[in-house]
Amino acid sequence: MSNLVEVHSAHLTDARIGGVTIWTSPRGVRRIEFGPLPRGRQMEPATERPGQLQEAVEQMEAYFAKERKSFQLPLDFSGVSSDFQREVYEELLKVKHGHVTTYGEIARAVGKPDQARAVGQAVGANPILIVVPCHRVIASDGRLTGFSGGLRRKVALLRMEGVEVEGASPNSRVHPEVIPLDL
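For the structure given in this document, a descriptive report is provided here.

Cut-offs used in this document
Residues numbered from 1 in each chain as written. Predicted model: local features only at pLDDT ≥ 70, side-chain atom pairs only at ≥ 80, totals over all residues. Heavy atoms only, no water. 1 Å grid on protein atoms, 1.4 Å probe; cavity = no way out; pocket = protein on both sides within 12 Å on 5 of 7 lines; lining within 4 Å. Points joined across faces, edges and corners; volume = space filled by probe spheres on them. Nonpolar A, V, L, I, M, F, W, Y, C, P; charged D, E, K, R; others polar. Helix = DSSP H or I, 4+ residues; strand = E, 2+ residues; numbered from the N terminus. Contact = heavy atoms within 4.5 Å. Pairing = 2+ DSSP bridges. Axes fitted to C-alpha atoms, helices over the stretch in contact; angles between N-to-C directions.

### A closer look at the layout of surface pockets
- The volume enclosed by the second largest pocket comes to roughly 230 Å³.
- As for the second largest pocket, its lining consists of 15 residues, and the residues nearest its centre are Lys-69, Ser-70, Phe-71, Leu-93 and Val-131.
- Tallied by class, residues from the lining of the second largest pocket come to 8 nonpolar, 3 polar and 4 charged.

Here it is as structure tokens:
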């Protein structure tokens, strides 16, 4: 986190995926990451959370409780280094709960059909996990592929959304497999 931006954080835990830390700035949600709260960082007591942070925590808790399928939160992409990444994240925000897409489909959607690998790199650098649903991206052949939060978490998130996954290895199949439709 930049020292030049006022950020606040909250940490919550879900039995399926473990700890999640949410970081907000005055612009909105800036980062969501898995794992324990980083060393030396303080989290805001629930009674002192700024409004945006409290709203993000409440929406995330509702998502984990299967009471929410989408997020209505302001997002702060000011730390994102390229316009291409922002375009990829905007496309990811269109992937609905319980659905999956492929790196190639995202590449075509952003007008760079030959850049599926670059999409993969942008997806891997996604700073706002879960809300910007990079866990919903799979390989074009229906395999699970990687996830910056670990495949166990990707599988848990997909299953929580009702997507069938055969296992937790990179070669595991996701069902229903993506079938692009020309409408």
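The discussion continues.
### Remarks on the side chain of Gln-59
- By secondary structure assignment, the location of Gln-59 is in helix 1 (residues 51–64).
- In this structure Gln-59 touches Arg-68, Ser-70, Phe-71, Gln-72 and Leu-73, once residues within four positions along its chain are discounted.

### Some words on the sheet that holds strand 2 (residues 18–25)
- Ordered in space as 1-2-3, the 3 strands form an open sheet in which the pairing is antiparallel. Of all the strands in the sheet, just strand 1 (8–14) and strand 3 (28–34) have a single pairing partner and so form its edges. Looking at each pair of strands side by side, their axes are set apart by 20° on average, direction ignored.
- Bridge count for strand 2 against strand 3 is 6 bridges, and the pairing is antiparallel. Looking at the pairing, Trp-23 lines up with Arg-31 of strand 3.

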